[in-house]
Amino acid sequence: MKQIQCRIAGLLMAMVAVGMLAACEGQEPEAQKERILPPETGQDEAVKIGFSMDTLKEERWLKDRDLFRQAAEKLGAEVEIAAANGDDALQIAQAEAMIQGGIDVLVIVPHNAEATAAIVHKAHEAGIKVIAYDRLVKNADVDLYVSFDNEQVGELQARAILDAVPKGNYAYIGGAPTDNNVHLIKKGVLNVLQPAIDRGDVNIVYDEWTDDWAPENAQHNMAEALRANGNQIDAVIAANDATAGGAIKALAAQGMNGKIPVAGQDAELAAAQRIVAGTQTMTVYKPIQNLTAQVAELAVQLAKGEEIMTSVSVNNGKTEVPSILLAPTAVDAGNLADTVIADGFHSKEEVYQEAKND
Ligand code: BGC
């Protein structure tokens, strides 16, 4: 709005200036109007996208930030980025500042699925559409949700670990409960494990969330799992690679690293190296480049008022949010080269060289 007001004011000033010039030259201002070109319609202006991020802590979010900027700029859009370091109040304040600063569309990675509903509300009051990026915002009229299929992430993890350990004691190291993905991932894990649990083959002897996804909290949880079960744990499913890394440290403290299977998610470089070294069994690869390319395109379309049709919708407690869910891939030592490395997500040198240096 402010932008539009400025544009009109600028145009009026230009017209007055030309009119004065025409008057000085003794010509009718009317005749000069043809030369006042072109009145700005705003249509050629770059779309301005606000990208409100929870955190840049995990390696993946740095990729999201950089690839999203690149994808958007390739489409001629401008991107304003803010990361909130896991602070809800800060994320809300940063998003508000973007809204007031005149963005055309808001893309948000919520730290807290519930708290960020306030941002969606404020954006809508200003006529700005909102895309939930990777994580859903709950209980708000989100315009679009684009992510990977998080339930499938959990299914891939559980299938890989169940293949390796069809019977035994499992520890589940969950993610941050404030992140909606975490509940979807766990649902996926249980989709696969439940029949084995019902048969009495699999026993989940430890099941805890990891506050703020912090690796030190995951390490603490895993140490507690080992202590409470006298180290009688046969497999670990961790919600992502950062928490897997923490869990593996706790296993190492008991001389158990590399001895029992561990699953993670994100295909972080450190996880790829651990897979090569044999201390982590698998990860779930989510090609961030596909997510950023999709969202950048959709953000520009939404900003231009175009309608987006999706074949899927996800209920967020308030509404059926039109959604796009991309496919994740299970990665282990067998297909690391054909997936993560082949895509250039990490180079072969990084993955293998560093593993040798471990
Ligand atoms: C993302 C994961 C990420 C985790 C921690 C989740 O919402 O889907 O890729 O590892 O947050 O940041």
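The text that follows walks through the structure, step by step, so that each part is easy to find. As the structure is a prediction and not an experimental result, all values here were calculated from the model. (Residues numbered from 1 in each chain as written. Predicted model: local features only at pLDDT ≥ 70, side-chain atom pairs only at ≥ 80, totals over all residues. Heavy atoms only, no water.)

### Section: the packing of aromatic side chains
Right, so step 1: Enumeration according to the criterion identifies four aromatic pairs in this entry.
Right, so step 2: For the ring pair Phe51 and Phe68, a centre distance of 4.5 Å and an interplane angle of 40° mean the geometry is tilted. Residue Phe51 is located in strand β1 (residues 48-53), and its partner Phe68 is located in helix α3 (residues 59-74); the two are separated by 17 residues in the primary sequence. Pair check on accessibility: Phe51 and Phe68 agree, each one buried.
Right, so step 3: Ring centres of Phe68 and Tyr133 lie 6.2 Å apart, and the angle between their planes is 75°; on these two criteria the pair is classed as edge-to-face. With Phe68 in helix α3 and Tyr133 in strand β4 (residues 129-133), the pair connects residues that are 65 residues apart, well separated along the chain.
Right, so step 4: What makes Phe68 buried here is its relative accessible area of 0%.
Right, so step 5: Aromatic rings pair up to connect Phe51, Phe68 and Tyr133 into one cluster.
Right, so step 6: Its guanidinium or amino end placed over the ring of Phe345, Lys63 lies 4.3 Å from that ring's centre, counting from NZ or CZ.
Right, so step 7: Sitting over the face of the ring of Trp209, Lys186 holds its NZ or CZ atom 4.8 Å from the ring centroid. (Phe/Tyr/Trp six-rings, centres within 6.5 Å; stacked < 30°, edge-to-face > 60°. Helix = DSSP H or I, 4+ residues; strand = E, 2+ residues; numbered from the N terminus. Buried < 20%, exposed > 50% of the residue type's maximum accessible area, 1.4 Å probe, protein only. Lys NZ or Arg CZ within 6 Å of the ring centre and 35° of its normal.)

### Quick notes on the site of the ligand
Right, so step 1: The full set of residues close to the ligand is Glu58, Arg60, Trp61, Asp134, Arg135, Asp179, Asn181, Trp213, Asn240, Gln265, Asp266 and Lys286.
Right, so step 2: One nitrogen or oxygen atom from the side chain of Arg60 is found 2.8 Å from an oxygen atom belonging to the ligand.
Right, so step 3: Within the contact set of the ligand, an oxygen atom lies 2.8 Å away from a side-chain nitrogen or oxygen of Asp134.
Right, so step 4: The residue makeup of the shell around the ligand, split by class, is two nonpolar, three polar and seven charged.
Right, so step 5: For the shell around the ligand, the two domains that each supply at least three residues are domain 1 (48-142 + 288-327) and domain 2 (150-285 + 330-357). (Near = heavy atom within 4 Å. Polar contact = N/O pair within 3.5 Å; in protein donor to acceptor, adjacent residues only side chain to side chain. Nonpolar A, V, L, I, M, F, W, Y, C, P; charged D, E, K, R; others polar. Domains from an automatic or database assignment.)

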